[in-house]
Amino acid sequence: MKSLEELRDLRKKVEKDIAVRKGLNKPKIIIGMGTCGIAAGARDILKTVMEEIDKRDLDLEVTQTGCIGMCEKEPLMDVQLPGKDRITYGNLSKDDVRKIIVNHIINGKVVNDLVIARLEE
Amino acid sequence: MKELALHILDIVENSIKADADNISIEIIEDIEKNIFSIKIKDDGTGIKKEILDNITDPFVTTRKTRPVGLGLSFFKEAAKRCNGSFEISSDNNGTIIEAVFEHDHIDRAPLGDISQTVISMLLWENEFEIKYKHIFNDEAFIFDTKEIKNELDDTKIHNNKIINWLKEYIDENISNLRGGEIN
């Protein structure tokens, strides 16, 4: 079973500090984590985002927010590339999240059929 | 909510929004006494007296987007449905919430993915400490971010390799504690 001593060894191996924290010119993901979001599966959306970050070695800022009043469209996820419009995606599944990460975050193409709102930069 | 872990995540988000520095989650499972209890304690700004009296009424909320607040109402109803109890107390020093369920009640939701719940809390921007203690009959597992940060030194807890490791660490320990059962 894992023990905290192992954590010390892991720490030494982690060279790059790709913490999902604020940074200039980083793509940003915001996940709605109000009661409505959580009930609709937001926690697993966050989990999928973290898995994709790990798998694809991405450098992103991931933040969470409360209810924004579009409860019926939860789970919601906003994506903002540096200098671009903030796009809100809704009614998401885990597969949708993977699609958004590949198309929007990596290739810069908005996934139009999943967009529910757009906030101009 | 489909999992008790989701209720916990939801309630803790209130603590985070109340600017808590220390959040404690204590789960007690006592099979003999047929108890599944969840206690969440924070040192946040607390809830005003006039709101506290009706806090589990779905039509009482402090948020502005819509005049309905469901988090605490859901949690209370879940406990009541399982012949349990629900208590909340709050003052300037923080808030304590305790929900008790009958362990073997058919309507009691499973614990669920508790490690993912804890990890989701760690990924909030705000800085705070979490202590998660899980007691199963006579055994206990304690996850304390203060202890973790001590081991990590300068490496950030938000590092995705660290986060992944912590998730497995919690899963393994909880599964071991609960006799091979995670959820």
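This structure is a prediction, so every number in the text was calculated from the model and none was measured.

**Q** What is the right way to read the overall build of chain B from this model?
**A** Looking only at helices and strands, chain B features 6 helices and 6 strands. Sequence-ordered secondary structure for chain B, helices as α and strands as β, is α-β-β-α-α-β-β-α-β-β-α-α. Dimensions of chain B, computed from C-alpha atoms along their principal axes, come out at roughly 45 × 40 × 25 Å. Per-residue burial over chain B gives 36% buried out of 183 residues. Sequence separation of at least 24 residues holds for 62% of the intrachain contacts in chain B that already meet a minimum separation of 6.

**Q** Whenever I open this one, the interface of chain A and chain B confuses me. Can you help?
**A** With 30 residues of chain A at the contact, the number on the chain B side is 36 residues. Where the side of chain A that touches chain B is concerned, the elements lending two or more residues are α1 (4–13), α2 (35–40), α3 (42–56) and β2 (61–65) of chain A. Per-element accounting of the side of chain A that touches chain B gives the leading share, 6 residues, to α3(A). In the side of chain A that touches chain B, the residues fall into 17 nonpolar, 5 polar and 8 charged.

**Q** Even after reading the chapter, I still don't get the sheet that holds strand β6 (residues 139–144) of chain B, so can you show me in this structure?
**A** Two modes of strand pairing occur in sheets, parallel and antiparallel, and in both the strands are linked by backbone hydrogen bonds. All names here are of chain B. An order of β3-β4-β2-β1-β5-β6 is seen for the 6 strands of this open sheet, with the pairing classed as mixed. Here the strands that pair on one side only, and so sit at the sheet edges, are β3 (85–91) and β6. When strand polarity is set aside, the average angle formed by the axes of neighbouring strands in this sheet is 10°. Pairing between β3 and strand β4 (residues 94–102): 7 bridges, direction antiparallel. Residue pairing for β4: Ser89 is matched across the bridge by Ile96.

**Q** Explain the confidence of the model for chain B to me, please; I cannot follow it from the model alone.
**A** For residues with low pLDDT, the predicted coordinates do not support detailed interpretation. Chain-level pLDDT for chain B is 91 on average; 95% of the residues reach the 70-or-more range. Here the prediction assigns the complex a pTM of 0.91, and the interface score ipTM is 0.87.

**Q** Can you walk me through the environment of Phe143(B) in this structure?
**A** All names here are of chain B. As for its position among the elements, Phe143 is in strand β6. Taking the C-alpha atoms as reference, Phe143 lies 35 Å from Phe59; in sequence the two are 84 residues apart. Excluding anything up to four places from it in sequence, Phe143 contacts Val118, Tyr132 and Ile170.

Thresholds, definitions, all that
Residues numbered from 1 in each chain as written. Chains lettered and ligands numbered in written order. Predicted model: local features only at pLDDT ≥ 70, side-chain atom pairs only at ≥ 80, totals over all residues. Helix = DSSP H or I, 4+ residues; strand = E, 2+ residues; numbered from the N terminus. Buried ≥ 20, exposed ≤ 12 C-beta atoms within 10 Å, placed from the backbone. Contact = placed C-beta atoms within 7 Å. Nonpolar A, V, L, I, M, F, W, Y, C, P; charged D, E, K, R; others polar. Pairing = 2+ DSSP bridges. Axes fitted to C-alpha atoms, helices over the stretch in contact; angles between N-to-C directions. pLDDT = per-residue confidence, 0-100.

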